[in-house]
Amino acid sequence: MRLVYAITVTAILVIGYVWLYAGYQIGSDYERDVKTIQLSHTIVVRDFTQRLLRSIDERDRLLRLVRDDFQIADGKIDLLRYTKIFGGLYTQLNIVDQGGRLLASTKPAAAADWSGNELYVAQRDHLDDTLRFARPRKLPGSGQWVMHMARRIFSSKGDFAGIVELEFTVDRLPALYASLDRIRAGERQVVGSDGIAADGPPANERMILRRIDETVMELDDSELSKSQPFADQKALDDQHSWVSRKLEPYPLLLSVKLPDPEPLPGQESPKLLGYIMYACVPTLLILLLMSLAYRTIKRQYEVVRKYDALRRRASDANKRKSRFLATVVHELRTPLSGVHGYSELVRDTSSDPQSREFGDLIHQSAIYLHGLLNTLFDLARIEAGRVVIFHENIDTLSYFEYVGSMHRINADKKGLSFQMRLAPDLPGNFLCDRVRLSQILNNMLDNAVKFTVTGGVTIEVTTFRDKLKIRVLDTGPGISKGELKHLFEYFYQAESVRAGRSRGLGLGLSLAKEFTDLIRGSIRIDSEVGVGTVVNLSIPLNAR
């Protein structure tokens, strides 16, 4: 279940990361779109400012032209001919003398007394030749902004001789943002070649023109660009802000009311849908993989649980079998010892030859049965893990002479040669479990003598590094390669045994392999059919 929890936590983290990344991308795109719109608004205001400056410069050149013509004509001028040529640049053109009286005008109904006009007073009181502006005003009803600008007229001596004054209306703000609300509402918008939105509401209601007084003249552009409330401006709402630009080099300030730079829904919807799909698809795939992984792990868990139950049952059954086998062997040993003793007594003391023969047969059968019981008992102890290894110092020469002498008798009975080759550099003694080593060697030599018909058996003992090498060679029938890999399996018998040449349980080599592992050694069998068999045993000289 820990694996399920780990997979679940990992999936949650991955899904969370995917959605966080999608949200981050949405926010980044939104911020980028907002900055793009802000930049476009700034460009629109800048372009309109440049357009307004060009318009003022053009009208200033007209004022200079009219003033120069007036001075050359010595006060006699016809303004109507300027109207025919430059009528599109102004709504009214006036000439005022040094006394404040109106000399000429394009509008007959114009006021005759200009002595209190702010442009007249400003030009009269200042000797420099500066283009001066009256305070811009917005016409009631239409919302159109009107500007007044004037130039000073000089006499032949350079004194003040009057002013040339021009009135004009400021063009509509050529900005698409003036109709953004209509675009957000889903209305179609037509834009002319000049960038002005056709059929849209006038943009002048979203701008304010002010003349900068001396108290404001020292403000820098960074302060003028801040949103500032004006006297004739309504309170700021939540969807618009004001941006101001100074019309250098003139003392004018243009303030434009801009909508909040929110991306249009039509622009944001595809992006938002794309990012949501980007997050949903991996999420669904991860959930699907989690479901499949959970089902697979659940099935595996059920299989493992059943396997553990079967393994426990098999282990319990094996323990019961081992206990039963050990108990049976133990119980059979007592009567078998009696059979062994009495048969030997009958063989050695009976005066009847037939009785001695029968006693000898019973005695041999008891010895064989006793060996089988010992083998079964060793098997039960190994399966129960009750085999204890006792290491002791063993005299090398005497030990191998003793082992060889027991099997030399059996070899002589079969007419086989029995040779023992001990290397001269063998150590005087070595450390090992005498009982288990004897069981291994007895099995090796017993098999060699038992399965060899002609020839002989040889045992070689050498050392290599810190190992004691023991080889048992025979000239028996040999073992096929297919049978070699099964020799150490429990209850496996080679073809010669199955053919009836010898009897046994098929446990000798299996127990020898187990005992070899217990004393930290190794055993290997090499054989060739028709040539013989070599059993190689390697054990440590100091087995602790």
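Residues numbered from 1 in each chain as written. Predicted model: local features only at pLDDT ≥ 70, side-chain atom pairs only at ≥ 80, totals over all residues. Heavy atoms only, no water.

S.K.: How would you sum up the nonpolar core? Please name residues and give values.
M.R.: Judged by nonpolar contacts, the single largest core of 42 residues is most densely connected at F400, F430, L441, I459, L468 and L537. No other element matches helix α9 (residues 434-451), which puts seven residues into this core. Each residue touching L441, except ones within four places of it in the same chain, is listed here: Y399, F400, V403, I470 and L537. Counting 37 residues, the second largest nonpolar core, distinct from the first, contains L63, L93, L166 and L258. (Core = buried A, V, L, I, M, F, W, Y, C linked by side-chain atoms within 4.5 Å. Buried < 20%, exposed > 50% of the residue type's maximum accessible area, 1.4 Å probe, protein only. Helix = DSSP H or I, 4+ residues; strand = E, 2+ residues; numbered from the N terminus. Contact = heavy atoms within 4.5 Å.)

S.K.: Go over the sheet that holds strand β16 (residues 467-474), please, and point to the residues and values.
M.R.: Here we have five strands laid out as an open sheet, ordered β13-β15-β16-β18-β17, and mixed in their pairing. Among the strands making up the open sheet, the edge pair consists of β13 (417-422) and β17 (522-528). Direction aside, the axes of adjacent strands within the sheet are offset by 15° on average. Pairing between β16 and strand β18 (residues 532-540): eight bridges, direction antiparallel. Counted as the bridge partner of K469 is S538 from β18. (Pairing = 2+ DSSP bridges. Axes fitted to C-alpha atoms, helices over the stretch in contact; angles between N-to-C directions.)

S.K.: Can you tell me about the environment of P136, naming the residues and giving the values?
M.R.: Positionally, P136 belongs in the loop between β3 (132-133) and β4 (137-138). Sequence separation between P136 and V170 is 34 residues, and the spatial gap between their C-alpha atoms is 9.8 Å. Once you skip the residues sitting within four places of it in the chain, P136 turns out to touch W145, V146, M147, L209, R210, R211 and L252.

S.K.: Could you give me a rundown of the packing of helix α8 (residues 396-413) against α9, with the residues and numbers involved?
M.R.: At a minimum axis separation of 10 Å, α8 and α9 run at an interaxial angle of 30°. Taken together, α8 and α9 sit at an angle that is classed as roughly parallel. In this structure, the crossing between α8 and α9 has a hand that is right-handed. Residues Y399, F400, V403, M406, H407, N410 and A411 of α8 lie in contact with α9, whose contacting residues are R434, L437, S438, L441, N442, L445, D446 and V449. Classifying every residue of the contact of α8 with α9 gives nine nonpolar, four polar and two charged. (Parallel < 35°, antiparallel > 145°, perpendicular 65-115°, else oblique. Left-handed = near helix turned anticlockwise from the far one by under 90°. Nonpolar A, V, L, I, M, F, W, Y, C, P; charged D, E, K, R; others polar.)

S.K.: Any details on the pattern of salt bridges? Residues and values, ideally.
M.R.: This structure, assessed with the given rule, holds 25 salt bridges. The salt bridge involving D446 is made with K450; its shortest N-O contact spans 3.7 Å. Linking D446 with K450, this pair stays in helix α9, spanning four residues, or about one helical turn. The partly exposed category is assigned to D446, whose relative accessible area is 34%. The residue R524 makes a salt bridge to D526 at a minimum N-O spacing of 3.1 Å. R524 sits in the partly exposed class, given a relative accessible area of 47%. Counted as one network, the salt bridges with shared partners bring together D60, R64, R67, D68, D129 and R151. (Salt bridge = Lys/Arg side-chain N within 4 Å of Asp/Glu carboxyl O.)

S.K.: Pulling in residues and values, what's your account of the pairing of β16?
M.R.: A one-sided burial pattern is seen for β16, the buried positions being L468, I470, V472 and D474 and the unburied ones K467, K469, R471 and L473. Two strands pair when backbone bridges link them, and strand β15 (residues 456-464) and β16 are joined in this way by eight bridges, in the antiparallel orientation. Each residue of the ladder has a partner; that of F464, found in β16, is K467. If you look at the hairpin formed by β15 and β16, you'll find two residues sitting between the two strands, and R465 has a positive phi there, around 55°.

S.K.: Kindly report on α9, identifying the contributing residues and their values.
M.R.: The end-to-end C-alpha distance of α9, which contains 18 residues, comes to 26 Å, matching closely the 26 Å that a straight helix rising 1.5 Å per residue would cover. Of the positions making up α9, those classed as buried are R436, L437, S438, I440, L441, N443, M444, L445, N447, A448 and V449. Sitting at the amino-terminal end of α9 is D433, which places a side-chain oxygen 3.1 Å from the backbone nitrogen of V435. (Expected span 1.5 Å × (residues − 1). Polar contact = N/O pair within 3.5 Å; in protein donor to acceptor, adjacent residues only side chain to side chain.)

S.K.: Now, about the side chain of N536: what can you tell me, with residues and values included?
M.R.: Position of N536 relative to the elements: it lies in strand β18. A polar contact is formed between the side chain of N536 and the side chain of R471, at a distance of 3.3 Å. A polar contact of 3.3 Å, which involves the side chain of N536, links it to the side chain of D526. Excluding anything up to four places from it in sequence, N536 contacts I470, R471, S522, I523, R524 and D526.

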